[in-house]
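Each chain, letter by letter, is given below.
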Amino acid sequence: MLSPPPTVSLGAGMSARLPLSAAASAPERAQADSHAWLSALRLVGSEREEAIARLHELLLRATRFEVSRRREALSHVRGEELDDLAIQAADDALVAVLAKLDDYRGASRFTTWAYKFGLLEAGVRLRRRAWQEREVVLEPEVWPLMADAGRTPEGQAETRELMAAITDSIEGCLTAHQREVLVALALNGVPLDVLADRLGTTRGALYKTLHDARRKLRADLAKRGFTLDSI
Amino acid sequence: MDRPSDDNTLKRLLGPAEPELLCDECFEKLDEYVELKLRGAPADERIPGMRAHLEGCPACHEDYESLRELVQSDDPS
């Protein structure tokens, strides 16, 4: 009697739908596994519900992984609260993944693609939680900058000269908004997501502001004769 | 806060010198980039601008590190 062909498994309790040769290579198995996830999530009724529950488990693994990576920085936060954050992040990531299923192009395994949504949601929540009681300072805290003590006198002088020029350029060629964003992110160490939240914008929009400010600074410094290739 | 070294401060102020992706493009390609890196494939050639962005954006860099570690923990070989 012939035994049934090996199939792709999405985990305990899920229907295995794609027959797969026992000799399939790792990339073939990964591709079949990804197709199985997509097919299961596009079913209807209880089978789809089952696939969604498995996806939520997968995302919760990602969000709890992120919590564990950051636990040291969040030692003042109760474990129960952190687990609540992980669950909320997994819930939001699930909604995002289901909404973007048609965007999945198979450039990576489905699980890798899905994980990134869980990690993003958890990372944003955890950074915001870490800064919840902290003031976001938009003025320079380490201004003016001093040269490293370990450098040669010439090196220190060059650095001081460059720092003075950067200060001038920041004052002279950036808009007030670019200046605030650059100072908060680059000098005062405010996380991007935290500042985006406080300013009512997105990570992407805020990074674009930072990017444009940096380009202007580089162009202005180059015009003034500084060589910045090594930075 | 800890006082940053001058080199790090300069890098944070000036950002990467070469062209870079922005955050949305980075997120879109992050999973592919991580798998290419883990396979030892030429990830920086296949996805130009990603490395520069990860140098310039601490938030995306953290997401990259997390995803890389998580995928690696699924398949330690």
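Residues numbered from 1 in each chain as written. Chains lettered and ligands numbered in written order. Predicted model: local features only at pLDDT ≥ 70, side-chain atom pairs only at ≥ 80, totals over all residues.

Colleague: Would you take a moment to explain the overall build of chain A for this structure?
Modeller: The helix and strand inventory of chain A stands at eight helices and zero strands. Ordering the α and β elements of chain A from the N terminus gives α-α-α-α-α-α-α-α. Counting over 231 residues, chain A shows a buried share of 32%. In chain A, of all internal contacts separated by at least 6 residues, the share reaching a separation of at least 24 is 67%. (Helix = DSSP H or I, 4+ residues; strand = E, 2+ residues; numbered from the N terminus. Buried ≥ 20, exposed ≤ 12 C-beta atoms within 10 Å, placed from the backbone. Contact = placed C-beta atoms within 7 Å.)

Colleague: Looking at this structure, how should I read the packing of helix α6 (residues 176–187) of chain A against helix α8 (residues 203–223) of chain A?
Modeller: Two measures define how a pair of helices packs: the angle their axes make with one another and the distance between the axes. All names here are of chain A. With their axes 9 Å apart at the nearest point, α6 and α8 run at an angle of 100 degrees to one another. With respect to their mutual orientation, α6 and α8 come out roughly perpendicular. Contacts from His177, Gln178, Val181, Leu182 and Leu185 in α6 reach Leu206, Thr209, Leu210, Asp212 and Ala213 in α8. Its residues assigned to classes, the contact of α6 with α8 shows six nonpolar, three polar and one charged. (Axes fitted to C-alpha atoms, helices over the stretch in contact; angles between N-to-C directions. Parallel < 35°, antiparallel > 145°, perpendicular 65-115°, else oblique. Nonpolar A, V, L, I, M, F, W, Y, C, P; charged D, E, K, R; others polar.)

Colleague: Can you walk me through the interface of chain A and chain B in this structure?
Modeller: It is common to give the size of an interface as the accessible area lost on bringing the parts into contact. Between chain A and chain B, the contact holds 38 residues from the first and 30 residues from the second. Put simply, the parts of the chain that give the side of chain A that touches chain B at least two residues each are α2 (45–70), α4 (110–130), α5 (153–173), α6, α7 (192–199) and α8 of chain A. Per-element tally for the side of chain A that touches chain B: the top contributor is α8 of chain A, with eight residues. A per-class count over the side of chain A that touches chain B returns 19 nonpolar, seven polar and 12 charged.

Colleague: Is there a simple way to explain α5 of chain A in this structure?
Modeller: Owing to its 3.6 residues per turn, the α-helix brings residues three or four apart onto one side. Residue and element names in this part refer to chain A. For α5, spanning 21 residues, the distance from its first C-alpha to its last is 30 Å, which sits close to the expected 30 Å at 1.5 Å a residue. Here α5 has its buried residues at Leu162, Ile166, Ser169 and Ile170. Down the axis, α5 shows its buried residues gathered within 100 degrees of arc, on one side only. Relative to its buried face, α5 has exposed residues pointing more than 90 degrees away, namely Pro153, Ala157, Glu161, Ala164, Glu171 and Gly172. (Expected span 1.5 Å × (residues − 1). Arc of directions from axis to C-beta.)

Colleague: Would you mind showing me how to read the environment of Ala86 of chain A here?
Modeller: Residues and elements named next belong to chain A. Tracing the sequence through the fold places Ala86 in helix α3 (residues 79–99). With 25 C-beta atoms counted inside 10 Å, the residue Ala86 sits in the buried group. Expressed as a C-alpha distance, the spacing of Ala86 and Ala122, which sit 36 residues apart in the sequence, is 6.2 Å. Setting aside residues no more than four positions away along its own chain, Ala86 makes contact with Leu60, Thr63, Arg64, Val67 and Ala122.

Colleague: Help me understand the nonpolar core, please; the structure alone is not making it clear to me.
Modeller: Here is a general trend for soluble globular proteins: nonpolar side chains tend to be buried in one another's company. Residue and element names in this part refer to chain A. Counting residues in each nonpolar core, the largest one holds 71 residues, and the members touching the most others are Leu59, Ala114, Leu182 and Leu185. Residue-level mapping places this core at the junction of two domains, with at least three residues from each of domain 1 (26–130) and domain 2 (153–223). The contacts of Ala114, once residues within four sequence positions are left out, are Leu55, Leu58, Leu59 and Val97. (Core = buried A, V, L, I, M, F, W, Y, C linked by C-beta atoms within 7 Å. Domains from an automatic or database assignment.)

Colleague: Looking at this model, I keep getting lost on the domain arrangement of chain A. Mind explaining?
Modeller: Each domain of chain A was delimited in the assignment, giving domain 1 (26–130) and domain 2 (153–223). For domain 1 of chain A and domain 2 of chain A, the distance between their C-alpha centroids amounts to 34 Å.

Colleague: It is not clear to me how the packing of α4 of chain A against helix α2 (residues 23–39) of chain B should be interpreted in this structure. Could you clarify?
Modeller: In contact at an axis separation of 9 Å, α4 of chain A and α2 of chain B are set at 125 degrees when each is read in the N-to-C sense. Comparing the axis directions of α4 of chain A and α2 of chain B gives the class oblique. Handedness of the crossing formed by α4 of chain A with α2 of chain B: right-handed. In this structure, α4 of chain A contributes Thr112, Trp113, Lys116 and Leu120 of chain A to the contact, and α2 of chain B contributes Phe27, Leu30, Asp31, Val34 and Glu35 of chain B. Its residues assigned to classes, the contact of α4 of chain A with α2 of chain B comprises five nonpolar, one polar and three charged. (Left-handed = near helix turned anticlockwise from the far one by under 90°.)

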